[in-house]
Structures are given as structure tokens and as C-alpha cells.
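The lines below spell out each chain.
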Amino acid sequence: MGWLNILGIAIGLAMDAFAVSIATGLTLDRVTPRHTFRIAFHFGLFQFLMPIIGWFAGRELSQYIVNYDHWIAFVILSFIGGKMFWEASSDDEDKMLKDPTRGWTLITLSVATSLDALAVGVSMALLNVSVWTPSLVIGLVTASLCTLGILFGSKLGSRWSHWAEILGGAALVCIGLKILLDHLLYASPALAG
């Protein structure tokens, strides 16, 4: 997997966490270094771990679905991207609790924003791609974007989080389509000869 693809996946996956970080910055009266660290660390850690968990689960399944793996990767990434589009277009604004950077609220947000990364890890296993470098990049990109999101949330406004989710969804759909087209084009008998 090329660096451009890895970076595209990382940015796409980080958009949910980035949007939540912006919203967190908007809800807090004053953002402290502790708020920033907690959001960036937890979101980055979960985004790093979830693809690895998904990859190990996917490795167990790969021998049974090797002939359909490109379709599965396409469907998973397209579903995640479509879900991000749908969530960005919905008007539901969840009101956060007093300090969303603490306790179970932080853990719940970390899990919720990293479930997409779990599915991407499964896709990587099905495509027989190493998960270690992409997971590290996903975690670091997420932590970096969450740091920016919470720090500048009040200045950027909620309109930016909407567009961030849309761009993230588009990136995941495009990457899924590229995986499918690459497999179909390289498997085509007309091009193989």
C-alpha cells in the first residue's frame, strides 16, 4: 500500500474524531493543555489500535473469502464513507456533557469515532496488506488533527466539522473504488496478455 493511500485512509478515518474535537472545543469554556492532550491521546490511541484488532480478525477470515476480498473492501469503505456523508447531512447535534474529555464520555467517544478504523483493518487483512505502518500513521494523523480541532474549534465553527466529515467520507469511497478498480483492471484477461 502506497503512502498516498495510507495518508488518504488516515485522513478519512480521522475526520469523525476531528469533527468531535471541534465540537468539544466549542462546548468547553476554556480549552486547557490537559483537554487537548486527553482528546488527542485517546482518539489517536483508539484509531491506532482498532485497525490492528480488525486486521487480526480479518486474517482469520481471509482464506474463506480471498476471491471476493476486493469487493468486500470496496463495500466496507463505501459503507463507511456513505455513513459519514449521511451523518454530516443530518441535523442531529448531540449535546455533550460538562467535560467530554474525561471519564466514560471520552472512552465512548474514542470507541465511536474509531469503529470505522476497525472495519478498515479487516479490509487490510483481506487484501493481505501489513497493518502496522498504516495503523501508526492513522493514529498520528488522528492525534494531530484532534489537537488542531479542539484548539481551533471555537474559531473554526461547526460549519467546518460538517465539511470535514463530507471530505472524509469522499476520501474513503474513492479509496474503496480505487481498490476495486485496481483489482478488476489487473485481473482483466485483456490487460494481462
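Preceding this section is the structure that the text describes.
A brief report on the enclosed structure follows. (Residues numbered from 1 in each chain as written. Predicted model: local features only at pLDDT ≥ 70, side-chain atom pairs only at ≥ 80, totals over all residues. Heavy atoms only, no water.)

### Focus: helix α4 (residues 103-126)
Within an α-helix, residues lying three or four positions from one another point in the same direction, as the helix has 3.6 residues per turn. An ideal rise of 1.5 Å per residue puts 34 Å on 24 residues; α4 measures up with 35 Å between its terminal C-alpha atoms. Taken as a whole, α4 carries its principal kink of about 40° at Ser-114. After α4 finishes, the residue Asn-128 shows a positive phi value of roughly 60°. (Helix = DSSP H or I, 4+ residues; strand = E, 2+ residues; numbered from the N terminus. Expected span 1.5 Å × (residues − 1). Bend = angle between axes of the 7 residues up to and from the residue.)

### Here's the deal with helix α1 (residues 3-27)
With 25 residues, α1 should reach 36 Å at 1.5 Å per residue; the first-to-last C-alpha distance of 35 Å fits that figure. The largest bend along α1 reaches roughly 40° and is located at Met-15.

### Examining the packing of aromatic side chains
Counted according to the given criterion, the structure contains 3 aromatic pairs. Look at Phe-37 and Phe-41: their rings are 5.4 Å apart centre to centre, the planes differ by 15°, and that puts the pair in the stacked class. A residue pair is termed a helical-turn pair when its members lie 3 or 4 positions apart in one helix, as Phe-37 and Phe-41 do in helix α2 (residues 33-65) at 4 residues. Since its relative accessible area comes to 54%, Phe-37 is described here as exposed. Owing to a relative accessible area of 41%, Phe-41 belongs among the partly exposed residues under this scheme. (Phe/Tyr/Trp six-rings, centres within 6.5 Å; stacked < 30°, edge-to-face > 60°. Buried < 20%, exposed > 50% of the residue type's maximum accessible area, 1.4 Å probe, protein only.)

### Looking at the side chain of Ser-114
Here Ser-114 is to be found in helix α4. A residue is classified by how much of its surface remains accessible, and Ser-114, at 0% relative accessible area, is buried. Excluding residues that lie within four positions of it along the chain, Ser-114 makes contacts with Phe-46, Gln-47 and Met-50. (Contact = heavy atoms within 4.5 Å.)

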